[in-house]
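Observations on the three-dimensional arrangement
Given next are the chains, with one letter for each unit.
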Amino acid sequence: PSMMNILLCPMQCRLNNVSVNDVPKFLVKNPTANDHLVIIPSDDDVMSFLHIPLKLQGVTSYFPVRAATLAEYENDHVLKFHFTAEAPDWDPGSSSFASQEDSMLLVSIVSLMPLMTSTLVLT
């Protein structure tokens, strides 16, 4: 079997210390070389990073990939980069993500409280 596309979950990558800068350069006010790309630290070398520029197909950011050959996979001289972690098991339905986000939102709202003089209404 073969897959035509490989899908990555940006949050799962980010939890593994992979930077996913998925905003297209044309939507960034002052674009830099670090916009619209993926930055992956090497497992083998703390100072080694892989920068993968993203392309657009319609509104979807992507980069072309292929599966490694068995020889490439087994070669110890080839740097290995991992987008996701083997552990803990990935559970996209976990409530811990919402709890972490809610705690950050609470911190943001509390820091804004002195600036608020009336009721906050979101429309």
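Description of the structure in this document. If you're wondering where the values come from, they're calculated on a predicted model, not measured in any experiment.

On to the nonpolar core. General note: in soluble globular proteins, nonpolar side chains tend to be found buried as a group. In terms of nonpolar packing, the biggest core is built from nine residues, these being Cys13, Val18, Val20, Val38, Ile40, Ile52, Leu54, Phe63 and Phe83. Not counting chain neighbours up to four residues away, the residues in contact with Ile52 comprise Leu37, Val38, Ile40, Phe63 and Phe83.

In this section: a nonpolar patch on the surface. Together, Val23, Phe26, Leu27 and Leu56 make up an exposed nonpolar region whose accessible area comes to about 410 Å². Locating Leu56 in the fold gives a position in strand β4 (residues 55-57). For Leu56, a relative accessible area of 36% translates into the label partly exposed.

This paragraph deals with the environment of Ala87. Relative to the helices and strands, Ala87 is located in the loop between α2 (70-74) and α3 (96-112). As for Ala87 and Asn16, which are separated by 71 residues in sequence, their C-alpha atoms are 9.8 Å apart.

With five of five residues buried, strand β2 (residues 37-41) lies mostly within the body of the structure. Going residue by residue along β2, you find Leu37, Ile39 and Pro41 tucked away on one face and Val38 and Ile40 tucked away on the opposite face as well. Alignment of strand β1 (residues 19-21) against β2, held across three bridges, turns out to be antiparallel. Each residue of the ladder has a partner; that of Ser19, found in β2, is Ile39. Across five bridges, the pairing between β2 and strand β3 (residues 49-53) is antiparallel. Note that in β3 the partner of Pro41 across the bridge is Phe49.

Parameters and conventions
Residues numbered from 1 in each chain as written. Predicted model: local features only at pLDDT ≥ 70, side-chain atom pairs only at ≥ 80, totals over all residues. Heavy atoms only, no water. Core = buried A, V, L, I, M, F, W, Y, C linked by side-chain atoms within 4.5 Å. Buried < 20%, exposed > 50% of the residue type's maximum accessible area, 1.4 Å probe, protein only. Contact = heavy atoms within 4.5 Å. Patch = residues over 30% accessible without salt bridge, like charges linked within 9 Å, V, L, I, M, F, W, Y side chains within 5 Å. Areas by Shrake-Rupley, 256 points an atom, 1.4 Å probe, with all protein chains shown as cover. Salt bridge = Lys/Arg side-chain N within 4 Å of Asp/Glu carboxyl O. Helix = DSSP H or I, 4+ residues; strand = E, 2+ residues; numbered from the N terminus. Pairing = 2+ DSSP bridges.

Function-wise, these values are silent; they only describe arrangement.
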